Amino acid sequence: MVLILGVDAGGTASKAVVTSADGTVLGRGAAGPGNPSAVGSAAAVAIGAAVREALGPHDPGGVVAGVVGVAGVSILADPGVAAGFADQWAAIGLTCPVPVVADVVTAYAAGATADRGAVLIAGTGAVAALIDGTEVVRAADGLGWLLGDEGSGLWLGLQAVRHAARHWSSSGLAVRVALHAGVTSADDLVHWAQRLPLGSFAALAPVVCEFAADGDPAAAAIVAEGVDRLLHTLDALDAPDSAVVLAGGLLTGPTPVRAGVLDALHDRGVEVGTAHDPALGAARLAAQLWSRRTVTST
């Protein structure tokens, strides 16, 4: 049986899907974070685990094409990191080409109706990109929590903690943040935040969204600013006539962030798609590449 492999690997999880040539999903798998910029060599191991689970009883030798979309793909220029991915493919038993592309490419493919357009991602991080096929024409933000990722889940959570530190016990959001952190004073909150592992602020994003949806003014203000920053990131692509695909948990789920971005894009008359399944988008890209190779070889 002809098998197609697609993988979406981000800062939170790695997800893989195996399909038949006609796009029928035959298996899915999931494992830990697959961003090599954040977790190093563990990324390739996590992606390999997700692929093995997705393959299940199917013969890896039946995979004729695969595409892996990875956050932090630029680090694959490091030969050691790239070798880790090649070792995983060999250990699994894959013999076909498995190109690794930026996660923005596979996210766009998951919600697009045209080869060229823009994608805006807001999950743990945030980035926008103008895509043409499998190529990234331009990108904006995606700079990580210290230098950017504005409007992301991590950014929302960080703003909530900053609000709580400045308005200790004087707002509902501040009290909820203190409960999340398990602290009883502003000083304890500061110490807790300074010890927090990279990316963990994003765990507070659902709290911010929940409070904003319930009308909490502090949370609503954070969400509104996050929406503005995401739109600013999108506008930095300088592609006002492009259709836009929304991706990432904050922009694919029923969040106030998605609602705010959608309202703004609809007011602009922009065509909007949603990338509900970037792993399946990667599989679609892989199928297209295989089809082109087949045509060329004949």
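Criteria and cut-off values
Residues numbered from 1 in each chain as written. Predicted model: local features only at pLDDT ≥ 70, side-chain atom pairs only at ≥ 80, totals over all residues. Heavy atoms only, no water. Buried < 20%, exposed > 50% of the residue type's maximum accessible area, 1.4 Å probe, protein only. Helix = DSSP H or I, 4+ residues; strand = E, 2+ residues; numbered from the N terminus. Pairing = 2+ DSSP bridges. Axes fitted to C-alpha atoms, helices over the stretch in contact; angles between N-to-C directions. Contact = heavy atoms within 4.5 Å. Phe/Tyr/Trp six-rings, centres within 6.5 Å; stacked < 30°, edge-to-face > 60°. Salt bridge = Lys/Arg side-chain N within 4 Å of Asp/Glu carboxyl O.

Participant: Could you give me a rundown of the pairing of strand S6 (residues 116-122), with the residues and numbers involved?
Facilitator: A large share of S6 lies buried, amounting to six of its seven residues. Two elements, S6 and strand S7 (residues 126-132), share seven bridges in a ladder whose sense is antiparallel. Across the sheet, residue Leu 120 finds its bridge partner in S7, namely Ala 128. From the end of S6 to the start of S7, which pair antiparallel, there are three residues. Of the pairings in the sheet, the one linking S6 to strand S9 (residues 244-247) comprises four bridges and is parallel in character. Bridged to Ala 118 within S9 is Val 244.

Participant: Before we move on, can you summarise the sheet that holds strand S2 (residues 14-20) with the specific residues and values?
Facilitator: Within a sheet, neighbouring strands are paired by backbone hydrogen bonds and run either parallel or antiparallel to one another. The sheet built from five strands is open, its strands ordered S3-S2-S1-S4-S5 with mixed pairing. The open sheet is flanked by strand S3 (25-31) and strand S5 (100-102), the only strands paired with a single partner. Neighbour to neighbour, the strand axes of the sheet diverge by 20° on average, direction disregarded. Relative to S2, strand S1 (residues 3-9) is paired through seven bridges, and the arrangement is antiparallel. The residue bridging Gly 6 from the neighbouring strand is Val 17, located in S2. Strand contacts of helix H4 (residues 103-111): S1, strand S4 (63-70) and S5, with the helix running at about 80° to S5, the strand carrying the most contacts.

Participant: Break down the packing of aromatic side chains for me, with residues and values.
Facilitator: Each aromatic ring pair is described using two quantities: the centre-to-centre distance and the angle formed by the ring planes. Within this structure, the stated rule accounts for one aromatic pair. Geometrically, the ring pair formed by Phe 85 and Trp 89 is edge-to-face, given 6.1 Å between the ring centres and 65° between the ring planes. Remark: Trp 89 and Phe 85 occur in helix H3 (residues 79-92); sequence separation between them is four residues, near one turn of the helix. Note on Phe 85: relative accessible area 4%, which makes it buried. On the basis of relative accessibility, which here comes to 10%, the residue Trp 89 falls in the buried class.

Participant: Break down the pattern of salt bridges for me, with residues and values.
Facilitator: For the structure shown, the criterion picks out five salt bridges. Between Arg 28 and Asp 277 there is a salt bridge, with its nearest N and O atoms 2.7 Å apart. Of this pair, Arg 28 sits in strand S3 while Asp 277 sits in the loop between strand S10 (272-274) and helix H13 (278-297), and the two are 249 residues apart along the sequence. Residue class for Asp 277 comes out partly exposed when judged on its relative accessible area of 21%. Note that Arg 229 is salt-bridged to Glu 225, the shortest N-O span being 2.5 Å. Here the residue Arg 229 and the residue Glu 225 both occupy positions in helix H10 (residues 217-235), the gap between them amounting to four residues, near one helical turn. Linked by salt bridges that have partners in common, Glu 150, Glu 225 and Arg 229 make up one network.

Participant: Mind laying out the side chain of Thr 106, listing which residues take part and the relevant values?
Facilitator: For Thr 106, the location among the structural elements is in helix H4. On the basis of relative accessibility, which here comes to 0%, the residue Thr 106 falls in the buried class. With residues up to four places along the chain from it excluded, the contact list for Thr 106 reads Asp 8, Val 67, Gly 69, Val 101, Pro 278, Gly 281, Ala 282 and Leu 285.

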